[in-house]
Amino acid sequence: MGKELAKQKEIKILGIETSCDETSVALLTVRNGNISKHNQILSNKTKSVVRRAQLDPSSQFEVRLVKHYIATQIPIHARYGGVVPEVAARTHVAELVSLLDKTLSLSSSHVVRPNRPTSKVDFDAIAVTQGPGLATALRVGIEAGKVLAWSLDKPLIAVNHLEGHLASAWLEPANRKNWEFPILFLLVSGGHTELVLMTDFGKYKILSRTRDDAAGEAFDKTAKMLGLEYPGGPKLSKLAEEGNPTAYDLPRPMIHDASLDFSFSGLKTAVRVLLQERFMIKDKGLKIKPTQLNDLCASIQAAIVEVLVAKTVKAALQSKPKAFAVVGGVSANKMLQVELKSALRKKCPEIKFLKPAKGLHTDNGAMIAAAGLWNIIANKKLPKWEKVDAKPELDL
Ligand code: KG4
Ligand code: ZN
C-alpha cells in the first residue's frame, strides 16, 4: 500500500555496510530548512512508494548520528594473515542481525504483515553497500536490506562504497561549513587509491588511480613482510613514530611521472629485496632489531606518504579545487594528514583543508547512510529493491 508523505524537514536513513571485514549499521538523521519531500515516485510491485526528497545542497544540513555500531572482524582474520571472504560473509550474517536489532528494535508483526519483521524505530530509507567489495560479504548486507525494504515498505538505496568514503568527510560538521565544489579527494583505502574531483553531489571525475597495489595494500603487505599482524597499516605507522624515515633508501614510485597515477608494487619489491639482502640470516629467517624495525617502518611510511602528497599537490595545482579532503582507511595515518596539510598550505593556500571525520576513516555504516542521502540530493533514480545485487568491481 502506497503511503502519501507529508512534507518533511527531516530524513532518517538506515545505513548498512558489509563489504569487507567490518559489519556496521547506522541511523542518520538529516535536517535542513529546505527539505521538502515533494516527489512521490515509482511504485513497485508491492506498491510501496519510493520517495525522493529535494534538498537544497547549498544550505546547511543538520546531521545527527542517532545510532552507530561497528563490529570489526579484524581479530578473526588476523589468524589467517588476511581477509578470508567466506569467513567474512559468515561472520557478517551473525553480526548483522544483532546490530540491526539493536538499531531498530525489530520484532515480529502479526498485524500488518504476518510473520514479517517490523521495526519499532521509524526511518525513511535503507542505504546498503552494493560494491566494490567481496561478493559474498556484500550479499549479506544486500539481502538484509532487501528483507527490510520488502517487509517495512521502505526504498532501498544501492550505495557505492567509494562514495561512502567521500561522504565520511561530510559527516564532520566543520567540513560541511566549507563544502564548496569542486572538492578534491584523495581516497586511500585497502583496495583503492584514487584522486577524485567532486563537482556536485553524485558527480565525480576520477583524475587518477593506482596501476597496481593500493596504498593500504602497500602498508599491509610490507608490514606482513616485517612480521606485523594483519592489518599491518596501523601497526606499521605506530612503530614508525619511533623510527628514522631516512634510515633506508626506498623508491618513490612514479613520483616524477607526468601522470597523476600511482603505483606501489615496486616499493613492495624493494622492501622484499632489502630484507633479503640486509636482514636474512641463513636457516634462521629474518633477524631485525627493534630499532631497525622502527626505522624500516618509518622509511616505508615516508615513501608511501611522499608519493601520495606529491600527486595530491600536483592534482590540486591542475584542478584548482575549493577544498580538499583525504578519506579511506589510510587517511587515519597521522603523518599523511600532517604532510598533506603542510604541503597544500605551502603550494595552494587558498584551498580549504577538510579534516577527516574523526573515527570514520575505516569502513562504517554512517558513511553509507550519508552516501545514501547524497543519492537523494543528487536526485538519482532509486532502483527497485528486487533489482539490487552486489557489484564487487564497482567504481565511482
Ligand atoms: O577503508 P578501509 O577500512 O577498507 C577498505 O575499503 O579497503 O581501509 C583499510 C586500510 C587497510 O589497508 C589498513 O591497513 C589501512 O586502511 N589503515 C592504515 C591506517 N589505519 C588503517 N594505513 C596506514 N596507517 C594507518 N594509521
Ligand atoms: Zn572502505
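This one's a predicted model, so the numbers in the text were calculated from it and none came from an experiment. All residue numbers here refer to positions counted from 1 along the written sequence of the relevant chain. As they are written, the chains are lettered A onward and the ligands numbered 1 onward, keeping that order. Predicted model: local features are reported for residues with pLDDT of at least 70 only, side-chain atom pairs are reported and counted for 80 or more only, and whole-chain, interface and lining totals are derived from all residues. Side-chain metrics in this entry use all non-hydrogen atoms of the structure; hydrogen atoms and water are not considered.

Note that water is not among the atoms considered, so a metal site may appear incomplete; the donors listed are N, O and S atoms within 2.8 Å of the metal, with 3.2 Å applied to Na, K and Ca. Surrounding the zinc ion (ligand 2) are the protein donor atoms His161 (NE2), His165 (NE2) and Asp363 (OD), which sit 2.0 to 2.1 Å from the metal. Geometry at the zinc ion (ligand 2) is tetrahedral, judged from its four donor atoms and the angles of 96 to 130° they form at the metal. Read from N- to C-terminus, the donor residues coordinating the zinc ion (ligand 2) fall into the pattern H-x3-H-x197-D. Of this pair, histidine 161 sits in helix α4 (residues 161-170) while aspartate 363 sits in the loop between β16 (352-354) and α11 (365-377), and the two are 202 residues apart along the sequence. Note on geometry labels: four donors, all angles 85 to 135 degrees, give tetrahedral; four donors become square planar and six octahedral when opposite donors are over 155 degrees apart and every other angle is between 65 and 115; remaining cases are irregular. Strands are runs of DSSP state E lasting at least two residues, helices are runs of H or I lasting at least four, and both sets are numbered from the N terminus onward.

What follows is about helix α7 (residues 232-240). Each α-helix winds once per 3.6 residues, and so residues spaced three or four apart point in a common direction. Burial status follows relative accessibility: with a 1.4 Å probe on protein chains alone, a residue under 20% of its type maximum counts as buried, one over 50% as exposed, and anything between as partly exposed. Here α7 has its buried residues at Gly232, Gly233, Leu236, Ser237 and Ala240. Viewed end-on, α7 has its buried residues packed into an arc of 130°, placing them on one side of the element. Relative to its buried face, α7 has exposed residues pointing more than 90 degrees away, namely Pro234 and Lys238. In this fold, the buried residues of α7 make contact with α6 (215-225) and α9 (290-319). The arc in question is formed by the directions pointing from the helix axis toward the C-beta atoms. Here, two residues are considered to be in contact whenever any of their heavy atoms come within 4.5 Å of each other.

Bringing the sheet that holds strand β9 (residues 156-160) into the picture now. Strands qualify as paired when DSSP identifies two bridges or more between them. An order of β5-β2-β1-β8-β9 is seen for the five strands of this open sheet, with the pairing classed as mixed. If you trace the sheet from one side to the other, it starts and ends with β5 (62-72) and β9, each paired once. Strand-to-strand twist across the sheet, computed as the mean angle between neighbouring axes with direction ignored, equals 20°. Of the pairings in the sheet, the one linking strand β1 (residues 10-17) to strand β8 (residues 125-131) comprises four bridges and is parallel in character. Residue pairing in the sheet places isoleucine 13 in a bridge with alanine 125 of β8. Relative to the sheet, α11 contacts β1, β2 (22-31), β5, β8 and β9, its axis offset from that of β1 by approximately 130°. A fitted line through C-alpha atoms serves as each axis, taken over the contacting stretch for helices, and the angle formed by two N-to-C directions is quoted from 0 to 180°.

On to the environment of aspartate 213. Examined against the element boundaries, aspartate 213 turns out to sit in the loop between β12 (203-209) and α6. Separated by 55 residues in sequence, aspartate 213 and lysine 268 have C-alpha atoms that sit 9.1 Å apart. Setting aside residues no more than four positions away along its own chain, aspartate 213 makes contact with Lys221, Phe264, Ser265 and Lys268. Identification of polar contacts relies on pairs of N or O atoms within 3.5 Å, with a donor-acceptor requirement for protein atoms, meaning one able to donate a hydrogen and the other able to accept it, and with residues adjacent in sequence counted only if both atoms are side-chain atoms. Among the polar contacts made by the side chain of aspartate 213, one reaches the side chain of lysine 268 at a distance of 2.7 Å.

Before going further, it helps to examine the nonpolar core. Core analysis: the largest hydrophobic core is formed by 48 residues, its most contacted members being Leu186, Leu226, Ile304, Leu308 and Leu336. For this core, the secondary-structure elements that each account for two or more residues are β10 (183-188), β11 (193-200), α6, α7, α8 (265-279), α9, β15 (323-327) and α10 (334-347). Top element by residues in this core is α9. It accounts for 14 residues. The residues contacting leucine 186, other than those within four sequence positions of it, are Glu194, Leu195, Phe262, Leu308, Thr312, Phe324, Ala325, Val326, Val327 and Leu340. Definition of nonpolar core: a set of buried residues of the types Ala, Val, Leu, Ile, Met, Phe, Trp, Tyr and Cys, connected through side-chain atoms within 4.5 Å. Among the nonpolar cores identified, the runner-up in size contains 42 residues, and Val159, Phe185, Tyr204 and Ala357 belong to it.

Further remarks concern the pairing of β12. Where β11 lies against β12, six bridges are found, and the strand directions are antiparallel. Its bridge partner lying in β12, glutamate 194 is registered against arginine 209. Linking two consecutive strands that pair antiparallel, namely β11 and β12, is a turn of two residues; a positive phi of about 85° is found at glycine 202 within it.

Attention now moves to the site of ligand 1. Taken together, 19 residues are adjacent to ligand 1, and His165, Gly190, Asp220, Gly329 and Asn333 come closest. The contact in question runs from an oxygen atom of ligand 1 to an N or O atom on the backbone of glycine 191, over 3.5 Å. Contact distances for ligand 1 include 3.0 Å between an oxygen atom and a backbone N or O atom of glycine 329. All residues other than Ala, Val, Leu, Ile, Met, Phe, Trp, Tyr, Cys, Pro, Asp, Glu, Lys and Arg, Gly among them, are scored as polar; the first ten of these are nonpolar and the last four charged. Across the shell around ligand 1, the residue classes break down as five nonpolar, 12 polar and two charged. Each domain's extent is set by a domain assignment, obtained either automatically or from a database. Here the shell around ligand 1 spans two domains, since at least three of its residues come from each of domain 1 (2-166 + 361-387) and domain 2 (180-353). Throughout this document, a residue counts as near a molecule or strand when at least one of its heavy atoms sits within 4 Å of that molecule or strand.

Here we take up the confidence of the model for the chain. pLDDT measures how confident the predictor is about each residue, on a scale from 0 to 100. Mean pLDDT over the chain works out to 89, with 88% of the residues at or above the 70 mark. The model gives residues 1-7 a pLDDT under 50, and that stretch makes 16 contacts with residues more than four places away or in other chains. Across residues 35-53 the pLDDT falls below 50, and counting only partners more than four positions away or on other chains, this stretch makes 70 contacts in the model.

Secondary-structure assignment places glutamine 73 in the loop between β5 and α1 (74-78). The class for glutamine 73 is buried, based on a relative accessible area of 0%. At 3.3 Å, the side chain of glutamine 73 forms a polar contact with the side chain of histidine 92. Ignoring sequence-local partners within four residues, the contact set of glutamine 73 consists of Cys20, Asp21, Glu22, Thr23, Val87, Ala88, Thr91 and His92.

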